[in-house]
Amino acid sequence: MLTRTEGIVLKNQKHGEADLIVTYLTPDRGIIKAFAKSPHKIKSRFGSSLEPLTHSRISLFGKEQSIPKITQSDIINTFYRLRESYDDLINISRLIRVMLSIIPEDTPNKRLFNFFLGILNLMDSSTGDQRHILYLIALIRLLAMTGYAPRLNKCGRCGKKGINFYPGAGTILCDGCAGGQEIKGPPVRVNGDIINFYSHSIEWPVQKLTRLRPRKELLSTLSSIMERHLSQNLGIRP
Amino acid sequence: MHKGVIENLINELTRLPGIGRKTAQRLAFFIMAMPKEEAISIAEAIRELKERARFCRECFSITEDDLCSICSDPKRDHTRICVVEEPSNLIVIERTGIYRGLYHVLLGALSPVDGITPESLKIRELIERVKRGNISEVIIATNPNTKGEATAQYISEQLKPMGVRITRIAYGLPIGGDIEFADEVTLTKALEGRREL
Ligand SMILES: [Zn+2]
Ligand SMILES: [Zn+2]
């Protein structure tokens, strides 16, 4: 059966001597794997279209339940500047790693596709500092979309106000709820600015996100909250 | 015939890259039909490789000795190091016959999405070699793809402060190719890397 769709390459890995297994994010089937026969041969018509972050129109051929073969792949956008900048590649790879570890394959998710494509477009047209902020926003938003975001607005147990985020619990805990509980590690203090930035990151439309200009300090506190949340609660190490 | 032994060989052969169950079966029955000495000599060659081959202590290419034949050759240019991902890449560059310096095999390429970090490769060892001095140029010949490019960038960041000349092999259009069929990234790179005639 031949299917035509579009996809963003999340990663590729060598299969056997010359073949490649490509992991795509697609709008209609979510995360899927497909394979390409000898794409690195000089005469291959795939060119650079199977490299990570490439957004392309693809044709897949194969029976259900087996990995389909990529029969055609026409580039819509290469995003090659993003993957060729080491820092951006590290950040975007982190996003992809999170995606691959929390989102099951073959589950349609048009919202996720539009979100990721939107973020790539936004990053591609931004400056270096801005791209770093966009990475953090994207990470927060990805976790919020999938229900894995840490809770930063109120106590995760009783709903009261609180200012201490406990990475081990993945939430703010009020003094009452935090007391007398076994919680790994000390809390991180969260202020109003952090909470505002955090909720804007989740709620604002993607096109508006470049308007968020947090201070360096806020950025580093929130980055460390997110990193600790990822490694302690989701088991995704740096 | 004991069903276990042939099944066992088929299973072992499927570990090899590009060998699926069907091919493994074909190979197993072919080996079964071979004269005993020939089959044993294949097995012996594998055993000998695993017992005698190891990584060169300087450049991590494959050798039977402590130092490989390139590292221990006084006629080679010991001030140049060409960095490649895999031992097989070294063999291809050697075949051109135009490079007379030394090599450094990283045994892989950076892939942050798979958790392959600089620590998983022989990058620290490369830096140590350059630190020991007497190196005038490091030529980075990692693959022209995302992983190879990230590796090249990381290495050049690490080596820059040491004042050594760092070069990257050129990108371009394949010889015998046609501009019409080149994709836009390849073409962009080829334009950026143009030279005076
Ligand atoms: Zn509470
Ligand atoms: Zn050597």
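Residues numbered from 1 in each chain as written. Chains lettered and ligands numbered in written order. Predicted model: local features only at pLDDT ≥ 70, side-chain atom pairs only at ≥ 80, totals over all residues.

Glancing now at the domain arrangement of chain A. Reports of interface size often rely on the accessible area that becomes lost once the parts have come together. On domain assignment, one finds that chain A holds domain 1 (2–80) and domain 2 (126–233). Between the C-alpha centres of domain 1 of chain A and domain 2 of chain A there is a distance of 35 Å. (Domains from an automatic or database assignment.)

Here we take up the domain arrangement of chain B. Per the domain assignment, the segments making up chain B are domain 1 (3–52) and domain 2 (68–168). Each of domain 1 of chain B and domain 2 of chain B was reduced to a C-alpha centroid, and the two centroids are 35 Å apart.

Residue and element names in this part refer to chain A. It is at 10 Å that the axes of helix α3 (residues 110–124) and helix α4 (residues 128–145) come closest, and there the two elements cross at 175°. When the axes of α3 and α4 are compared, the pair comes out roughly antiparallel. Two secondary-structure elements touch here, α3 through R111, L112, F115, I119, L122 and M123 and α4 through R131, L134, A138, R141 and M145. Here the contact of α3 with α4 is built from residues that sort into eight nonpolar, no polar and three charged. (Axes fitted to C-alpha atoms, helices over the stretch in contact; angles between N-to-C directions. Helix = DSSP H or I, 4+ residues; strand = E, 2+ residues; numbered from the N terminus. Parallel < 35°, antiparallel > 145°, perpendicular 65-115°, else oblique. Contact = placed C-beta atoms within 7 Å. Nonpolar A, V, L, I, M, F, W, Y, C, P; charged D, E, K, R; others polar.)

Let's shift gears to the interface of chain A and chain B. Each side of the interface is counted separately: chain A has 21 residues, and chain B has 18 residues. Only α1 (80–83) and α2 (86–102) of chain A provide two or more residues apiece to the side of chain A that touches chain B. Per-element tally for the side of chain A that touches chain B: the top contributor is α2 of chain A, with six residues.

Quick look at the packing of helix α5 (residues 123–131) of chain B against helix α6 (residues 146–159) of chain B now. All names here are of chain B. One can describe the packing of α5 onto α6 by two numbers: an axis separation of 11 Å at closest approach and a directional angle of 35°. For the pair α5 and α6, the sense of crossing is right-handed. Two secondary-structure elements touch here, α5 through I123, L126, I127 and V130 and α6 through I155, Q158 and L159. Each residue belonging to the contact of α5 with α6 can be placed in one class, and the counts come to six nonpolar, one polar and no charged. (Left-handed = near helix turned anticlockwise from the far one by under 90°.)

Quick look at the pairing of strand β4 (residues 55–61) of chain A now. Relative to β4 of chain A, strand β1 (residues 2–15) of chain A is paired through seven bridges, and the arrangement is antiparallel. Residue pairing for β4 of chain A: G7 of chain A is matched across the bridge by S56 of chain A. (Pairing = 2+ DSSP bridges.)

For the rest of this paragraph, the subject is the sheet that holds strand β6 (residues 165–168) of chain B. Residues and elements named next belong to chain B. Reading across from one edge, β4-β3-β5-β6 is the order of the four strands in this open sheet, with parallel pairing throughout. Two strands bound the open sheet, and with one partner strand each, they are β4 (101–105) and β6. The sheet shows a mean angle of 25° between the axes of neighbouring strands, taken without regard to direction. Examined bridge by bridge, strand β3 (residues 77–84) and β4 share five bridges and lie parallel to one another. Paired with V84 across the bridge in β4 is V105.

All names here are of chain A. Within the open sheet, the four strands sit side by side as β6-β8-β7-β9. Their pairing is mixed. Edge positions in the open sheet fall to β6 (151–155) and β9 (188–189), since each of these has one partner strand only. Pairing between strand β7 (residues 164–166) and strand β8 (residues 171–172): two bridges, direction antiparallel. Paired with Y166 across the strands is T171, a residue of β8.

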